[in-house]
Amino acid sequence: MTTFRPYVSGEQSPAEFTFRALVLGSIFGRIFGAVTVYVGLRAGLTVAASIPISVLSISILRVFGRSSILENNIVQTTGNAGQSIASGVIFTLPALIFLGFDLEYTRIFLLALVGGWLGVLFMIPLRRQLIVEEHEVLAYPEGTACADVLIAGDRGGSFASRVFWGLGLGGLYTLFQNENLLAAWPATPNYEPDLGADHILKGAAIRADVTPEYLGVGYIIGPRVAGVLVAGGVISWLVLMPLLWFFGGALHHPIYPGTRLVRDMSPSDLWSTYIRPMGAGAVAAAGLITLLKTVPTLASALMGGIRSMRAGGGAARAGRTERDLPMSVVLGGSVVLVAIMFLFLQFHPVPGALVGVWANLAASLLVVVFGFLFVTVSSRIVGIVGSSASPVSGMTIATLMATAAVFLLKGWTAPAYGALAITVGGAVCIAASNAGDTSQDLKTGFLVGSTPRLQQIALMIGVCVSTVIIGFTLTAMNTAFQEFRLAPQSWDMSVPHAGVEVEQDAHAPKTFTTSSGQQLHGGDYVVLNAIGSPVLADGKYLYSPQTKRIEVQWIQGIGSEKAAAPQARLMATVINGILSRKLPWGLVLMGVFLVIGVELLGIRSLTFAVGAYLSIGTTLAIFVGGVARWMVDRALAKTGEAAPESEVSGGSLYASGLIAAGGIMGLVGVAIKAYESLTGREVPIQLPEHTWLHHDWVSVAMFAALAYSLYYFARKPMPKQD
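Residues numbered from 1 in each chain as written. Predicted model: local features only at pLDDT ≥ 70, side-chain atom pairs only at ≥ 80, totals over all residues. Heavy atoms only, no water.

A few points about the overall build of the protein chain
Right, so step 1: Looking only at helices and strands, one finds 22 helices and nine strands in the protein chain.
Right, so step 2: Against the 2.2 N^0.38 benchmark of 27 Å for 722 residues, the protein chain shows a C-alpha radius of gyration of 25 Å, consistent with a compact globule.
Right, so step 3: With the principal axes as the frame, the protein chain shows a C-alpha extent of 80 × 65 × 50 Å.
Right, so step 4: Within the protein chain, contacts between residues at least 6 apart in sequence are counted, and of these 81% link residues at least 24 apart.
Right, so step 5: Accessible surface computed for the protein chain: about 28,500 Å², of which carbon and sulfur atoms make up 65%.
Right, so step 6: In the protein chain, 45 positive and 42 negative side-chain charges are present, and the distance between their average locations comes to 5 Å. (Helix = DSSP H or I, 4+ residues; strand = E, 2+ residues; numbered from the N terminus. Rg over C-alpha atoms; globule rule 2.2 N^0.38 Å. Contact = heavy atoms within 4.5 Å. Areas by Shrake-Rupley, 256 points an atom, 1.4 Å probe, with all protein chains shown as cover. Lys, Arg positive; Asp, Glu negative; His and termini not counted. Charge placed at Lys NZ, Arg CZ, Asp CG, Glu CD.)

As structure tokens, then:
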């Protein structure tokens, strides 16, 4: 193998690990970590942040004088940790809500910290073999593309204007569009067909959440993936839901797991009651199929990782570009993380899951063992297929199944043990997710000539600073998107009810407004939590001691149509299926066989399953972005102006700006709603509803204009120089 020479040789020592690089990277880590939580919970997808961070870093640091390529690489390395940690968090920890538990900021923060550090620590001994020795074998596509951007920027190329255009136009659009901000036009144009006397297509809905982040996500993932996603939505919303109404609309009793008559349900009710369990079964089956398909790759990756540690142990590390953190840091850090995890489980356990010292120690060791296993696998797989195609969810399913099986054998089947299993699986998922992006960052550093030791320290710092904001964002979204729906029914508190418990420590917001517009006081109610009840659907309810009735259903924000969190729903389904075995199996198995049929057609079943689970409002808006990408690729191919779109094209950079803008402005709206919910004070910023702007056709027209701006900037040639 020929000796590789990086862009900056080992003999050179330009500015690299500077204070301003760490500060800017930390800022980007928090921003993109929060944006990833926001977009990922809503769309069920995440996109890489390293390239937009690199582009922005090049432009911003130039304002403050000359910057080196290694300094810009430290910025993107530090900042990218936020995105990877957030991806692991949102795929698992919201499952606590679906299992009937509250999201605790402390638990989110600590698990994100432990998982993130594991992902970095375990990648240290693997770097030499995977990144250096197998340089010509493992491509690490995102890391290579990021290195291309950094090198082009160092040579004078400018990409930042395209990102800033996306940020500016996307932010302005979101200010007017977002329902928590000005709300100048409807955020979700909606059509619910009910044709003729026979009520043809009754129960269906065609809607789109016309947000810039969905448009940008659709453009980046491309028409093929976006098309498969929306196909799942079409099956759910335009085939299955009308069928449910067609056969169930004439019935005079509810259909399990529903507690209301089908004819009284809106399309959103049909989706949340029947399509979500079916979609969860579909996602679970697709995840297991993906895991089975990748077993040979996982096995070879594990064996290769073991060989990597043996091969890398005695290698010389004299040069600047060959210096890793020592193995003492890896081993000592692992011991410290086991101790932190043990102390957390021992002194801050999941309520109801008091399992003793040895069980907590075993759970802590499981995190490290599974963490090492899947960090090794993940870091090799992303080198072959890239981070976006890495089966992290499959690895997490395997962890959860193994953990839940151990609990089942021990007889630990109470709901609290499901939360304990999520604690283990969540930390492992975060470690595997962060290891994949850590590998990409180290590949970028190898190509441009960074110092590995400094990159590894920057990654640890990035993990620390980003975990602070991720927990806040998650809990704020759960608060902002929550809904209080009137659901009056008699309830005798003196009689025990299976699956329903009083939550002594939970309190409703001080004041809240129901979906029908009534303003109520939380202090007047007792909170009930239903899990597996034959009478109440899973979730929280508010009981009034005065009327002796349940008056309100308290619908959590995460898991609602606005923040569906499909991967976390999958994790909860896996755990419930093993521990409690209380699932609407008819619906779950329908989803399973739907996926098997799709797989037999040769279609990527996991993408389809996620589309079937998500609201069509999400998938249809993403599909519009995919169509824009298809139009751009066709236009470029016809004119011969350029090759089809790449990760560093003008269109992709503009789309990244749209995603960031939609996420940032959306989070501003979330913060406002959370403030209103916590304080009971209204922030009057929305424009009047009764104007000519507040019509669905205006929403469609404005979204079409934004889509055209994406097409325009994707076709416009990139500037060669500043």
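A few points about the sheet that holds strand β3 (residues 483-490)
Right, so step 1: Pairing is antiparallel in the open sheet, where five strands are placed in the order β3-β9-β8-β7-β4. Because the sheet does not close on itself, it has two edges, and the strands there are β3 and β4 (500-502). When the angles between neighbouring strand axes are averaged without regard to direction, this sheet yields 30°.
Right, so step 2: Bridging between strand β8 (residues 539-544) and strand β9 (residues 549-555) involves five bridges; their strand directions are antiparallel. Each bridged residue has a counterpart across the sheet, and for tyrosine 541 the counterpart in β9 is glutamine 553. (Pairing = 2+ DSSP bridges. Axes fitted to C-alpha atoms, helices over the stretch in contact; angles between N-to-C directions.)

What about a nonpolar patch on the surface?
Right, so step 1: A contiguous nonpolar surface patch, about 510 Å² in accessible area, is contributed by Phe19, Val23, Ile27, Ile31, Ile664 and Val668.
Right, so step 2: Contributing elements (two or more residues each) for the nonpolar patch: α1 (19-43) and α21 (650-679).
Right, so step 3: A per-element tally of the nonpolar patch places α1 first, with four residues.
Right, so step 4: By the secondary structure assignment, isoleucine 27 is in helix α1.
Right, so step 5: Exposure remark for isoleucine 27: the relative accessible area of 43% places this residue in the partly exposed category. (Patch = residues over 30% accessible without salt bridge, like charges linked within 9 Å, V, L, I, M, F, W, Y side chains within 5 Å. Salt bridge = Lys/Arg side-chain N within 4 Å of Asp/Glu carboxyl O. Buried < 20%, exposed > 50% of the residue type's maximum accessible area, 1.4 Å probe, protein only.)

Looking at the packing of aromatic side chains
Right, so step 1: Inspection of the entire model under this criterion finds 19 aromatic pairs.
Right, so step 2: Relative to phenylalanine 32, the ring of phenylalanine 28 has its centre 6.2 Å away and its plane inclined at 65°; by these criteria the two rings are edge-to-face. With a gap of four residues between them, phenylalanine 28 and phenylalanine 32 both fall in helix α1, about one helical turn apart. Of the two residues, phenylalanine 28 and phenylalanine 32, both sit in the buried class.
Right, so step 3: Seen in terms of ring centroids, phenylalanine 246 and phenylalanine 247 are 5.0 Å apart; in terms of plane orientation they differ by 90°. Their pairing is edge-to-face. The same class applies to phenylalanine 246 as to phenylalanine 247, namely exposed.
Right, so step 4: A connected cluster of aromatic rings, assembled from ring pairs, spans Trp165, Tyr654, Tyr712 and Phe713.
Right, so step 5: The ring centre of tyrosine 219 lies 5.4 Å from the NZ or CZ of arginine 629, which sits over that ring. (Phe/Tyr/Trp six-rings, centres within 6.5 Å; stacked < 30°, edge-to-face > 60°. Lys NZ or Arg CZ within 6 Å of the ring centre and 35° of its normal.)

Comments concerning helix α19 (residues 605-613)
Right, so step 1: Here α19 lies mainly inside the structure; eight of its nine residues are buried.
Right, so step 2: For α19, the complete set of buried residues consists of Ser605, Thr607, Phe608, Ala609, Val610, Gly611, Ala612 and Tyr613.

Quick notes on the pattern of salt bridges
Right, so step 1: What the rule picks out here adds up to 16 salt bridges.
Right, so step 2: Between arginine 320 and glutamate 16 there is a salt bridge; the shortest N-O distance is 3.7 Å. Placement of the pair is arginine 320 in the loop between α11 (295-312) and α12 (327-347) and glutamate 16 in the segment before α1, with a sequence separation of 304 residues. Neither arginine 320 nor glutamate 16 differs from the other in exposure class; each is buried.
Right, so step 3: In this structure, the salt-bridge partner of arginine 107 is glutamate 104, at a minimum N-O distance of 3.2 Å.
Right, so step 4: Sharing partners across several salt bridges, the network here consists of Arg260, Asp269, Glu483 and Arg485.

Let's talk about the packing of helix α2 (residues 50-63) against helix α8 (residues 160-177)
Right, so step 1: It is at 9 Å that the axes of α2 and α8 come closest, and there the two elements cross at 105°. Considering the angle they form, α2 stands roughly perpendicular to α8. On α8, the residues that touch Val55, Leu56 and Ser59 of α2 are Ala160, Val163, Phe164 and Leu167.
Right, so step 2: A breakdown of the residues in the contact of α2 with α8 according to their chemical character gives six nonpolar, one polar and no charged. (Parallel < 35°, antiparallel > 145°, perpendicular 65-115°, else oblique. Nonpolar A, V, L, I, M, F, W, Y, C, P; charged D, E, K, R; others polar.)

Observations concerning the pairing of β8
Right, so step 1: Counting buried residues along β8, five of its six residues qualify, which places the element largely inside the surrounding structure.
Right, so step 2: Sheet analysis places strand β7 (residues 526-530) next to β8, joined by five bridges and oriented antiparallel. The residue of β8 that forms the bridge with alanine 530 is glycine 539.
Right, so step 3: Hairpin geometry of β8 and β9 is characterised by an intervening segment of four residues between the two adjacent antiparallel strands and by a positive phi of about 55° at lysine 548.

Here's the deal with the environment of serine 334
Right, so step 1: By the element assignment, serine 334 lies in helix α12.
Right, so step 2: Along the backbone, serine 334 and leucine 118 are 216 residues apart, and their C-alpha atoms lie at a distance of 7.2 Å.
Right, so step 3: If near-sequence neighbours (up to four positions away) are discounted, serine 334 is found in contact with Leu121 and Phe122.

As for the state of the cysteines
Right, so step 1: Summed over the entire model, instances satisfying the criterion amount to zero disulfides.
Right, so step 2: Looking at cysteine 429, it has no disulfide partner, and the nearest cysteine sulfur is the one in cysteine 464, 19 Å off.
Right, so step 3: Its relative accessible area of 1% is what places cysteine 429 among the buried residues. (Disulfide = S-S within 2.5 Å.)

Examining the side chain of aspartate 209
Right, so step 1: For aspartate 209, the location among the structural elements is in the loop between β2 (206-207) and α9 (212-248).
Right, so step 2: Buried within the structure, aspartate 209 lacks any salt-bridge partner; its nearest side chain of opposite charge belongs to arginine 42, at an N-O separation of 4.9 Å.
Right, so step 3: At 2.6 Å, the side chain of aspartate 209 forms a polar contact with the side chain of threonine 188.
Right, so step 4: When near neighbours in sequence (up to four residues on either side) are disregarded, aspartate 209 contacts Ala187, Thr188, Tyr214, Gly617, Thr618 and Ala621. (Polar contact = N/O pair within 3.5 Å; in protein donor to acceptor, adjacent residues only side chain to side chain.)

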